[in-house]
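Secondary and tertiary structure notes
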Amino acid sequence: MFNFFKKKGKDVADSGSNNGGNSNRALKQAYDELLNKYRDNPSLIKKQAEEYNSKDNYADPMVWMDAMAICDVSLEKKAVTETVKELYNQIYSRAWNKHVSVDFSDEDYDFWFKLNVSVNNRFIEMGHLRGYCEQADLYGSARRPYRDYAKMRECFKKGIEVNDAASLGDYGYGLYFGVPGYGEQDKDKGLEYMKRSKELGYELADLLFLHIEFYDNKDDESLLKYIENYIEKASPTRKCYYILSDYYSRKGEYDKSIEPLKKGVAINEHYSQYLYGMGILRGNIEGNKEEAKELLADAFSYNINYAAEFLGQYNYYSGDEGTSVEKAIEWHKKAVQYYSHNSLYELAIIYLYNDTIKDVAKGNKYLDQAVEEDSPRAMSEKAYLLLEDENPSEQKVKEAIGLLEKAMELGNDYAPYRLAQEYERGVLRPENPDYAKILELYELAAERGHVGGMDMAGHYYRLDVVNEDEENGAKAVKYFEWAVARNSNYSRVELALCYEYGTGVEQDYQKAFDLYKAAADNGYIFANLKMGYYLEDALLGEEDLAGAFEQFKIAAEAGMPEAIYNVGRFYKYAVGIPENPELAMQNFNKAAEEGYPQALVEVGLAYEQEYAGIEFDAQKAMEYMTRAAEADYAFAQYKVGYYYHYGLVETDLPKALEWYERAHEQGYPYAAIMLGEYYVYNHGGEKDYDRAFEYYQSAAERDIISEGLGVCYEYGLGVEENNTEAFKYYTIAAERDYRNAKYRLGLCYKYGTGTTENMEEAYRWLSEAAEDDHFSSKYEVAMMLLEGKGTAKDEPKAVELLTVIAEDDHDDAQFELGNCYLTGKGVAEDETQAMYWYQRAAENGNEQAQKITGKRERRRR
């Protein structure tokens, strides 16, 4: 008959689903046989009870049930001796009763549970007060649907009324720590009960106070002595080595934390089994994984429900050999039998999202059950599903927010994070987002250990989203370091940006690069992109174009548009590699398909400039550039304005101004230059010098200076006339190779405008402008060569230059060329040629030529 009681193997099945019709009859029949054995031979009771008491080991379910039968028959016969009372106390200690029942079918458990209630009540009735505590523990730890916290509290309170030491101790402990089901946390009352329990001699009182000392004592040295003293004095079965291990873990001394767990496992300390097995499976402790699974299964059988939760998670998430979703489900169902909200939630996740076993109806059923049982994670997940609808109704949004707020009140870490996101998305406050509130929520999530909360709280502080404060940088770094310690690649990159820009830390490109590399090694592709820029720009001291190209290729192969564009850029501009127009355009087109603005620009420029053998196509150039401009890429907006300004497809000055203005609003200085030029020169339209000066000034503030600012100062356009300032800005622009500025700077030196007259410098700058094909500069240079001012006289060269620009109808050049032919300067005297050039000059409105020829033609230039 005892075959029924043989313990099941370590590869447990889902016993909770065993509803076999003969099981209950078999258990009851087997127990009845035990009862009859002692009813028929009461003389066996004393000897067997003494033997069991001496061994104090009920790991074998047969032994536990036999001991229960002894207690049962002794109660029947009203022959409960101190030996039997001790036996009763023992079978309910050290979770033996949970161990024996863990694999029972529903019918067997029903029989077993009612048997325990009956025996406990009868011990209470005969005056053995310990029965109150055991009955309370039975109600408080029973599987579904037998758990009843109200009855648990009722039993504890009755035990306290009659000064049962165990009831005082266990209920006091629950009140002190606010254990679920014990009522509102009350540390003072809880401590009072535990002290009375100790005074009354409760054998576990010292263990209860050990836990209080561990969680409340912040003095490491005195706490360690307290723990070691307890272990030294405790009985061999109640050493609590896991507390010593936890102490070392809390201090970060992980190597020291392992040995205490080994000692705990050696004496079958079930919480140590749980921690040690979990450590092996997580890879934190070296050991045999199969043995680790056996330790966890054993820990679960002794009421460590976390062990079943972990085995469910391990089988689902680890991917280790021998794991499976089916095993995950089995373990989670076991944990759910004992009211694990986490496993209810995990089962919901499995059925909702796992493609191999997906069952949305079942997933939602588990999720709703977890919500009903106040699982904060389930509330958050339910809210997530409600809000992820494409267009959630107002009712769904309201329900979701209610769930998140309740989950947040219950201490959930995800709920404040998700609420913050909904504020950001405008779901909760469509207009004028409350960024201070959003940051507050992210920080709450971070404080509760949510990595996303840490990521975003740091991000908000790094960018001064709420306010500008010198402490923001340090706060950002704090949150990023927290998240990095939890392996957040997002925060690795954000912390790298802090080191890159010196935000909250000393600027350190090497530390930034190391963080980018760590993130890249974990597959965070953006980090490869940043490494590429570092190596290209020599931020670590030496340029490494080959290394940069390799990093860009890694990110490009992962499909990152910016990286694909950079690969194309390297091929087009021969950055460390030979130019390859075909590969350049392949990459530009690929990135452009993804809408990457710089790539769109490159494709547009290729159609404009006929790059890589592409035929000129104004329409396509405009199309691609417009797409980039509409994506708010400032250079593209400038180029579209330029296209409309100069008629690539059509001339449209209002559109040109509109696009220039959009680029200017984004701070693109060359757009400001074009706007300044328009409002200064605006041929055929109204000029606006004040606006022109503002635009030029705006560009100058971004260190882009053309001759325009100098023109404004020289002629008092939009600003008070100031030749010194004009000369200053002409000089800056000329040194930056603006040919118009070179021309005007040359004139300043020639005529002493804003500076001392200096013909050599005048000739230098005017000749540079002339070499850049500046029309008016060629005339000035020709005249200086003709007269030998600022340079050696060179009449033939002067005539050569005058001829070039005279052919282009420069009337002054035509007149001077006529003089040269008339007087034989730099050319043989030729009155016919002289008259020819005088006549052309007169036709172009040159007054001196008109006096010679007698012509009064209107100026055509």
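Note that the coordinates shown come from a computational prediction; the quantities given were computed from them, not determined experimentally.

What to know about the overall build of the chain
Within the chain one finds 47 helices and zero strands. Taken over the C-alpha trace, the chain has a radius of gyration of 44 Å; the compact-globule value for 861 residues is 29 Å, which it surpasses by more than 25%. Counting only C-alpha atoms and orienting by the principal axes, one finds that the chain spans roughly 155 × 55 × 50 Å. Here the chain, with 861 residues, has 51% of them falling under the buried criterion. In the structure as shown, the chain presents an accessible area of about 41300 Å², 45% of it carried by carbon and sulfur atoms. Charged side chains in the chain number 100 positive and 155 negative. The centres of these two groups are separated by 8 Å.

Points about the packing of aromatic side chains
In this structure the tally under the stated criterion is 61 aromatic pairs. Judged by centre distance (5.8 Å) and plane angle (70°), the rings of Phe113 and Tyr139 are edge-to-face. Placement of the pair is Phe113 in helix α6 (residues 106-125) and Tyr139 in helix α7 (residues 130-141), with a sequence separation of 26 residues. Judged by its relative accessible area of 10%, Tyr139 is buried. Aromatic pair Tyr565 and Tyr596: ring centres 5.6 Å apart, planes at 45°, arrangement tilted. Of this pair, Tyr565 sits in helix α31 (residues 561-573) while Tyr596 sits in the loop between α32 (581-593) and α33 (597-609), and the two are 31 residues apart along the sequence. Among the aromatic side chains, those forming a connected cluster through ring pairs are Trp64, Tyr88, Tyr92, Tyr109, Trp112, Phe113, Phe123, Tyr139 and Tyr146. The ring of Phe214 is capped by Arg250, whose NZ or CZ atom sits 4.3 Å from the centre of that ring. The positively charged end of Lys572 is found above the aromatic ring belonging to Tyr611, 4.9 Å away from the centroid.

A short note on the side chain of Glu707
Here Glu707 is to be found in helix α39 (residues 707-715). An unpaired buried charge is present at Glu707: no salt bridge exists, and Arg744, the closest side chain of opposite charge, is 5.5 Å distant. Residues in contact with Glu707, not counting those within four places in the same chain, are Glu677, Tyr730, Ala733, Asn740, Ala741 and Arg744.

Let's talk about the pattern of salt bridges
Per the stated rule, a full pass over the model turns up 50 salt bridges. The residue Lys334 makes a salt bridge to Asp103 at a minimum N-O spacing of 3.5 Å. With Lys334 in helix α18 (residues 325-337) and Asp103 in the loop between α5 (96-101) and α6, this pair connects stretches of sequence that are 231 residues apart. Under the relative-accessibility criterion, Asp103 is labelled buried at 12%. Arg764 is the salt-bridge partner of Glu768, the closest N and O atoms lying 3.9 Å from each other. With Glu768 and Arg764 both in helix α42 (residues 759-771) and four residues apart, the pair spans about one turn of that helix. With a relative accessible area of 27%, Glu768 lands in the partly exposed category. Here the residues in one salt-bridge network are Asp737, Lys742, Glu761, Arg764, Glu768 and Asp772, joined through shared partners.

As for the packing of helix α19 (residues 341-353) against helix α21 (residues 376-387)
Between two packed helices, the angle of one axis relative to the other and the distance separating the axes together describe the packing. Between α19 and α21, the shortest axis-to-axis distance is 9 Å and the interhelical angle comes to 25°. In terms of axis orientation, α19 runs roughly parallel to α21. Facing Asn342, Tyr345, Glu346, Ile349, Leu352 and Tyr353 of α19, the residues of α21 in contact are Arg377, Ala378, Glu381, Tyr384 and Leu385. Looking at side-chain class alone, the contact of α19 with α21 contains seven nonpolar, one polar and three charged residues.

With respect to helix α22 (residues 394-409)
When the terminal C-alpha atoms of α22 are compared, their 23 Å separation across 16 residues agrees well with the 22 Å that a helix rising 1.5 Å per residue should span. Of all the positions in α22, only Val397, Ala400, Ile401, Leu403, Leu404, Ala407 and Met408 are classed as buried. For α22, the angular spread of buried residues about the axis comes to 160°, placing them on one side. Opposite its buried face, α22 presents the exposed residues Glu394, Gln395, Lys398 and Glu409, each directed more than 90 degrees away.

Examining the packing of helix α24 (residues 435-447) against helix α26 (residues 472-485)
For the pair α24 and α26, interaxial distance at closest approach is 11 Å and the crossing angle is 40°. In terms of orientation, α24 and α26 fall into the oblique class. You can see that α24 and α26 cross each other, and the crossing is left-handed. From α24, Glu443, Ala446 and Glu447 reach across to α26, where they touch Lys478, Tyr479 and Trp482. For the contact of α24 with α26, the per-class residue count stands at three nonpolar, no polar and three charged.

With respect to the nonpolar core
Core analysis: the largest hydrophobic core is formed by 178 residues, its most contacted members being Tyr442, Leu495 and Tyr516. Dropping the residues within four chain positions of it, Tyr516 is found in contact with Val493, Ala496, Leu497, Glu500, Ala527, Lys530, Met531 and Tyr534. Among the nonpolar cores identified, the runner-up in size contains 105 residues, and Met68, Ala69, Val84 and Tyr302 belong to it.

Section: the environment of Met622
Take Met622: it is sitting in helix α34 (residues 618-630). Look at Met622 and you get buried, because its relative accessible area is 7%. Put simply, Met622 and Ala297 are 325 residues apart on the chain and 69 Å apart in space, counted from C-alpha to C-alpha. Other than its neighbours up to four places away in sequence, Met622 contacts Val640, Tyr643, Tyr644, Leu648 and Val649.

Some points on helix α14 (residues 254-266)
Over its 13 residues, α14 runs 19 Å from end to end, which matches the ideal 18 Å to within 8%, given 1.5 Å per residue. Looking at α14, one finds that the buried residues are Ser257, Ile258, Pro260, Leu261, Gly264 and Val265. Asn268 occupies a position one or two residues after α14 and carries a positive phi of about 60°.

Regarding the side chain of His332
Summarising the element assignment, His332 is placed in helix α18. Only 3.5 Å separates the side chain of His332 from the backbone nitrogen of Gln313, close enough to count as a polar contact.

Quick look at a negative patch on the surface
A contiguous patch of negative charge, built from Asp464, Glu468, Asp469, Glu470 and Glu471, is present on the exposed surface. Locating Glu471 in the fold gives a position in the loop between α25 (451-462) and α26.

Here we look at the confidence of the model for the chain
A residue-level look at the chain finds 95% of positions with pLDDT of 70 or above and a mean pLDDT of 93. Confidence over residues 1-24 falls short of pLDDT 50; this stretch has 51 contacts with residues more than four positions distant or in other chains. Scored below 50 in pLDDT, residues 857-861 makes 15 contacts in the model with residues more than four places away or belonging to other chains.

Focus: a nonpolar patch on the surface
Together, Tyr435, Leu463, Val465 and Val466 line one region of the surface with nonpolar side chains, adding up to about 300 Å² of accessible area. In this structure, Val465 sits in the loop between α25 and α26. Assessed through its relative accessible area of 30%, Val465 is described here as partly exposed.

Calculation rules
Residues numbered from 1 in each chain as written. Predicted model: local features only at pLDDT ≥ 70, side-chain atom pairs only at ≥ 80, totals over all residues. Heavy atoms only, no water. Helix = DSSP H or I, 4+ residues; strand = E, 2+ residues; numbered from the N terminus. Rg over C-alpha atoms; globule rule 2.2 N^0.38 Å. Buried < 20%, exposed > 50% of the residue type's maximum accessible area, 1.4 Å probe, protein only. Areas by Shrake-Rupley, 256 points an atom, 1.4 Å probe, with all protein chains shown as cover. Lys, Arg positive; Asp, Glu negative; His and termini not counted. Charge placed at Lys NZ, Arg CZ, Asp CG, Glu CD. Phe/Tyr/Trp six-rings, centres within 6.5 Å; stacked < 30°, edge-to-face > 60°. Lys NZ or Arg CZ within 6 Å of the ring centre and 35° of its normal. Salt bridge = Lys/Arg side-chain N within 4 Å of Asp/Glu carboxyl O. Contact = heavy atoms within 4.5 Å. Axes fitted to C-alpha atoms, helices over the stretch in contact; angles between N-to-C directions. Parallel < 35°, antiparallel > 145°, perpendicular 65-115°, else oblique. Nonpolar A, V, L, I, M, F, W, Y, C, P; charged D, E, K, R; others polar. Expected span 1.5 Å × (residues − 1). Arc of directions from axis to C-beta. Left-handed = near helix turned anticlockwise from the far one by under 90°. Core = buried A, V, L, I, M, F, W, Y, C linked by side-chain atoms within 4.5 Å. Polar contact = N/O pair within 3.5 Å; in protein donor to acceptor, adjacent residues only side chain to side chain. Patch = residues over 30% accessible without salt bridge, like charges linked within 9 Å, V, L, I, M, F, W, Y side chains within 5 Å. pLDDT = per-residue confidence, 0-100.

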